[in-house]
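These are the residues of each chain, in order.
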Amino acid sequence: MGNRNPRVVVVTRPTEFDLVVARHGTVAQADFFLRTREQSIDELRAAHDQQMAAIQAASAAIPVSWRRARVERNGLDRFLFEDDDVIVAVGQDGLVANAAKYLNGQPVIGINPAPGSHAGVLVPHGPCAIAELLASVSTGRFEVQARTMVEAQVDGGFKLRALNEVFIGQRTHQSARYRLHFGGEVERHSSSGIIVASGTGCTGWARSIHRERECKPCLVDPCSPQLLFLVREAFPSPGTGCSLTQGIVDDVIEVTSEMNEGGVVFGDGIEADRVEFGWGKTVRVSRSPVSLQLVMQ
């Protein structure tokens, strides 16, 4: 870990309880609103308490001589990570994906505050394991699972990275129009957009899209270096086709925009962090040289 004391960065996000209370002003008002709709705030409060307990456990497990920091999900794009940081993400799987795009190979410990409620694919550890995992990372005796990430480069030098998938299409419900270049073939499309997913992404949105199709599964393994592209609802017409709609990406896939307005490229569902994709621009999507280093033990 170097000559100086490690820094642990605890990454969190507001709970549903936090958001509901913020929306209504006070706990009492939020409780009243939900009760008038035959709902209860108790379930949200219980999940909130679990989350707070896990965050407190993470803080308590950090050795007193180590440096520490905490960042909320909505502040990740402004936070300066250091090369020797250890990241502790406390929350659901999506929180790890949110943080991954801002990292550069730092080890990530995923903590699941509610194992009975969250899948825990990227947050496989319970709060009680934090101290032991930090000790393992500090000595370099730990096992990581490298998860491939997706990288999109748009004309003009714009670049973004995602853990699950990159979306290319319209930011509205209008049809996305573009030319798809893949495997030596070119096809003009009018569709609901394209996603290019990593193996990790193939356990999420890509899996949902693929289940609706009457074709042999071609999803890739969560730790595979390959990517998968899926065109959503390609429309056949005299000017557009629907034969080049999915495939395994070993190298690169290119898309050239034919959208004057509304064309976007964004990653992991975070549309606010999008790159505009107007007519004539080309995006190249490939495997990122940086992978998520997920601490397993």
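What this report covers is the structure whose coordinates are included nearby. For clarity, every value in this text was computed on a predicted model and none was experimentally measured.

### With respect to the overall build of the protein
Then step 1. Summing up its helical and strand segments, the protein has six helices and 18 strands in all.
Then step 2. Taking 2.2 N^0.38 as the reference for a compact globule, 297 residues should give roughly 19 Å; the C-alpha atoms of the protein span a radius of gyration of 21 Å, in line with that estimate.
Then step 3. Principal-axis analysis of the C-alpha atoms places the extent of the protein at approximately 65 × 55 × 35 Å.
Then step 4. Here the contacts in the protein between residues at least 6 apart in sequence split such that 68% fall between residues at least 24 apart.
Then step 5. With 30 positive and 34 negative side-chain charges, the protein shows a spacing of 2 Å between the two charge centroids.

### Focus: the sheet that holds strand β15 (residues 263–267)
Then step 1. Read across the sheet, six strands follow the order β13-β12-β11-β8-β15-β16 without closing on themselves; strand pairing throughout is antiparallel. In this open sheet, the two edge strands, each paired with only one partner strand, are β13 (246–249) and β16 (275–276).
Then step 2. When strand β8 (residues 165–170) meets strand β11 (residues 194–197), the two strands line up antiparallel, connected through four bridges. Bridging across to β11, Phe-167 finds its partner in Ile-195.

### A closer look at helix α5 (residues 130–139)
Then step 1. Where α5 is concerned, the buried positions are Ile-130, Leu-133, Leu-134, Ser-136 and Val-137. Along α5, the residues classed as buried sweep out an arc of 160 degrees about the axis, all on the same side. Away from its buried face by more than 90 degrees, α5 exposes Glu-132 and Thr-139.
Then step 2. Buried residues belonging to α5 abut β1 (7–12), α3 (42–61), β3 (85–90), β4 (107–111) and β18 (292–295).

### Observations regarding unusual backbone geometry
Then step 1. In this structure, Glu-233 is a non-glycine residue whose phi angle is positive, near 55 degrees.
Then step 2. Examined against the element boundaries, Glu-233 turns out to sit in the loop between β12 (227–231) and β13.
Then step 3. Phi at Asp-268 takes a positive value of approximately 55 degrees, unusual for a residue other than glycine.
Then step 4. Mapped onto the fold, Asp-268 is located in the loop between β15 and β16.

### Remarks on the packing of α3 against α5
Helix packing geometry: the angle between the two helix axes and the distance between the axes.
Then step 1. The interhelical angle for the contact between α3 and α5, taken along N-to-C directions, is 40 degrees, at an axis separation of 9 Å. Taken together, the axes of α3 and α5 are oblique relative to one another. The two elements α3 and α5 cross, and the hand of that crossing is right-handed. Each of Ala-54, Ala-57, Ala-58 and Ala-61 in α3 lies in contact with α5, whose residues at this interface are Ile-130, Ala-131 and Leu-134.
Then step 2. When its residues are assigned to classes, the contact of α3 with α5 shows seven nonpolar, no polar and no charged.

About the criteria used
- Each chain has its residues counted from 1, running along the sequence as written.
- Whole-chain, interface and lining totals are the exception, using all residues; otherwise, since this is a predicted model, local features are given only for residues with pLDDT of at least 70 and side-chain atom pairs are given and counted only at 80 or more.
- The basis for every side-chain value is the complete set of heavy atoms in the structure, and neither hydrogens nor water enter the calculation.
- The secondary structure listing takes helices from DSSP runs of H or I that are at least 4 residues long and strands from runs of E that are at least 2 residues long, numbered from the N terminus.
- With C-alpha atoms as the basis for the radius of gyration, the globule rule is written as 2.2 Å multiplied by the number of residues raised to the power 0.38.
- It only takes one pair of heavy atoms within 4.5 Å for two residues to be counted as in contact.
- In this count, Lys and Arg are taken as positive residues and Asp and Glu as negative ones, while His and the chain termini are left out.
- The atoms used to mark charge sites are NZ of Lys, CZ of Arg, CG of Asp and CD of Glu.
- Strands pair, by our definition, only if DSSP identifies at least two bridges between them.
- Relative accessibility thresholds used throughout: buried, under 20% of the residue-type maximum; exposed, over 50%; partly exposed, between the two (1.4 Å probe, protein chains only).
- Summarising the geometry, the arc corresponds to the directions from the helix axis toward the C-beta atoms.
- Axis definition: a line fitted to C-alpha atoms, over the contacting stretch in the case of helices. Angles run 0 to 180 degrees between N-to-C directions.
- Orientation categories follow fixed angle ranges, with anything under 35 degrees roughly parallel, anything over 145 roughly antiparallel, 65 to 115 roughly perpendicular, and all other angles oblique.
- Crossing chirality is assigned from the near helix's rotation relative to the far helix, an anticlockwise turn below a right angle marking it left-handed and a clockwise turn marking it right-handed.
- Under the convention adopted here, Pro, Cys and the residues Ala, Val, Leu, Ile, Met, Phe, Trp and Tyr are nonpolar, Asp, Glu, Lys and Arg are charged, and Gly plus all remaining residues are polar.

Note that every value here comes from positions in space, so none of it alone points to a role or purpose.
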